[in-house]
Amino acid sequence: MSRSWQAAVLFAVLGAVHVAGVAVHGDLVGDITKPLLMPVLALYAVAAHRERGARVSRRLLLSLALAWAGDVTLQFGGTVALMVGMVFFALAYGIYAVEFIRTGAFRRRRRWLHLAGYGAAAAGALVWLWPGLSERGVALPMAGYGALMALMAATATSWGWRAGIGGGLLLASDTLIGVGVAETADLPGRGALVMATYLLGQALVVSGWTARAARPEPTTPVSRPADLVPA
């Protein structure tokens, strides 16, 4: 088994344990496993790039580091931790969005339709959640964050099905967080759904990023004139 597969399996096991712990309200399990998730996913990214003969993008590693910081910050709970964590995640997903746009996300007209669709969905969710978010004093920051997430999810579709589905799952995960913050609806198992969609979304985006890593061009041996052999 290659190192990238080992890291992928470890990430899947840790993720499953973490989601199960959240589902049964096992705080200790969640607190132990959550800080390990993004570093293991980063190990997968590094190993997978090396196996392709490519160098892992520093932007990808920075995004995962910022997501890790957001994960750890949210463990403290409270409005301040929520706002600081939101900043970390906004920077992390902003890197994704910039990378998608930089590589031509809007060169095709239908990408604008994706943006319109995701934008309408995010706007609808914000309208629904607005009263509860306003009571917590986080409505405006959440609106800006929602717009960024819609942009990221829409532009992710330009990288194929893995990144496209991953971006959509990350948007769904944060929407579920918003439902909890606004206390608009009581969804059974919401915490486990938040983490399951988040982890799967991150894994798909990272996998899609890795799949685009350019393999080095094979080197062509330089031909030399044959040595002259004296008669």
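Cut-offs applied
Residues numbered from 1 in each chain as written. Predicted model: local features only at pLDDT ≥ 70, side-chain atom pairs only at ≥ 80, totals over all residues. Heavy atoms only, no water. Helix = DSSP H or I, 4+ residues; strand = E, 2+ residues; numbered from the N terminus. Buried < 20%, exposed > 50% of the residue type's maximum accessible area, 1.4 Å probe, protein only. Contact = heavy atoms within 4.5 Å. Axes fitted to C-alpha atoms, helices over the stretch in contact; angles between N-to-C directions. Parallel < 35°, antiparallel > 145°, perpendicular 65-115°, else oblique. Left-handed = near helix turned anticlockwise from the far one by under 90°. Nonpolar A, V, L, I, M, F, W, Y, C, P; charged D, E, K, R; others polar. Expected span 1.5 Å × (residues − 1). Bend = angle between axes of the 7 residues up to and from the residue. Phe/Tyr/Trp six-rings, centres within 6.5 Å; stacked < 30°, edge-to-face > 60°. Core = buried A, V, L, I, M, F, W, Y, C linked by side-chain atoms within 4.5 Å. Patch = residues over 30% accessible without salt bridge, like charges linked within 9 Å, V, L, I, M, F, W, Y side chains within 5 Å. Areas by Shrake-Rupley, 256 points an atom, 1.4 Å probe, with all protein chains shown as cover. Salt bridge = Lys/Arg side-chain N within 4 Å of Asp/Glu carboxyl O.

Engineer: I'd like a description of the overall build of the chain, backed by residues and values.
Structural biologist: In terms of helices and strands, the chain carries eight helices and zero strands. Written out in order from the N terminus, the α and β elements of the chain read α-α-α-α-α-α-α-α. With the C-alpha coordinates aligned to their principal axes, the bounding extent of the chain is approximately 95 × 45 × 25 Å. Here the chain holds 231 residues, and 44% of them are scored as buried. In the chain, the share of contacts with a sequence separation of at least 24, taken over all contacts with a separation of at least 6, comes to 73%.

Engineer: Pulling in residues and values, what's your account of the packing of helix α3 (residues 58-74) against helix α4 (residues 79-102)?
Structural biologist: Orientation of α3 relative to α4, taken along the N-to-C sense of each, is 160°, at an axis distance of 8 Å. The orientation of α3 with respect to α4, classified from their angle, is roughly antiparallel. α4 is crossed by α3, and the crossing has left-handed handedness. Listed contacts from α4 to Arg59, Leu60, Leu62, Ser63, Leu64, Leu66, Ala67, Ala69, Gly70, Asp71, Thr73 and Leu74 of α3 are Ala81, Leu82, Val84, Gly85, Phe88, Phe89, Leu91, Ala92, Ile95, Tyr96, Glu99 and Arg102. Among the residues forming the contact of α3 with α4, the class breakdown is 16 nonpolar, four polar and four charged.

Engineer: With reference to specific residues and values, describe helix α2 (residues 27-51).
Structural biologist: Counted at 1.5 Å a residue, the expected span for α2 with its 25 residues is 36 Å, and the 37 Å between its end C-alpha atoms agrees. At Leu37, α2 shows its maximal kink, close to 30°; a proline, Pro39, follows between one and four residues later. In the stretch just after α2, Gly53 is the one whose phi turns positive, near 75°.

Engineer: Would you mind going over the packing of aromatic side chains in detail, with residue names and values included?
Structural biologist: Tallied over the full model, the rule gives seven aromatic pairs. Look at Phe89 and Tyr198: their rings are 5.9 Å apart centre to centre, the planes differ by 90°, and that puts the pair in the edge-to-face class. Of this pair, Phe89 sits in helix α4 while Tyr198 sits in helix α8 (residues 190-211), and the two are 109 residues apart along the sequence. You can call Tyr198 buried: its relative accessible area is 5%. Aromatic rings pair up to connect Phe89, Tyr93, Tyr96, Phe100, Trp159, Tyr198 and Trp209 into one cluster.

Engineer: Any chance you could break down the environment of Leu133 for me, citing the residues and the numbers?
Structural biologist: Considering the arrangement of structural elements, one finds Leu133 in helix α5 (residues 109-136). Leu133 gets classed as buried once you look at its relative accessible area, which sits at 1%. Put simply, Leu133 and Ser158 are 25 residues apart on the chain and 32 Å apart in space, counted from C-alpha to C-alpha. Apart from residues no more than four positions distant in its own chain, Leu133 is found in contact with Leu126, Val138, Ala139, Met142, Gly178, Val181 and Ala182.

Engineer: Lay out the nonpolar core with the relevant residues and their values.
Structural biologist: Judged by nonpolar contacts, the single largest core of 52 residues is most densely connected at Met38, Tyr93, Tyr96, Leu133 and Tyr198. Where this core is concerned, the elements lending two or more residues are α1 (3-23), α2, α3, α4, α5, α6 (139-156), α7 (161-182) and α8. Broken down by element, this core gets its largest block of residues, nine residues, from α4. Contacts of Tyr93, omitting those with residues within four sequence positions, involve Tyr145, Met149, Met152, Leu170, Asp174, Tyr198 and Gln202.

Engineer: A description of a nonpolar patch on the surface should follow, citing residues and the corresponding values.
Structural biologist: A grouping of Met1, Trp5, Val9, Val13, Val17 and Val29 is seen on the molecular surface, where their side chains present a nonpolar patch of about 600 Å² in accessible area. Among the elements that line the nonpolar patch, the one with the most residues is α1, at four residues. Assignment of secondary structure puts Met1 in the segment before α1.

Engineer: Can you tell me about α6, naming the residues and giving the values?
Structural biologist: Between the first and last C-alpha of α6 there are 25 Å, a value that for 18 residues agrees with the 26 Å anticipated at 1.5 Å per step. Every buried residue of α6 is listed here: Ala139, Met142, Tyr145, Gly146, Met149, Ala150, Met152, Ala153, Ala154, Thr155 and Ala156.

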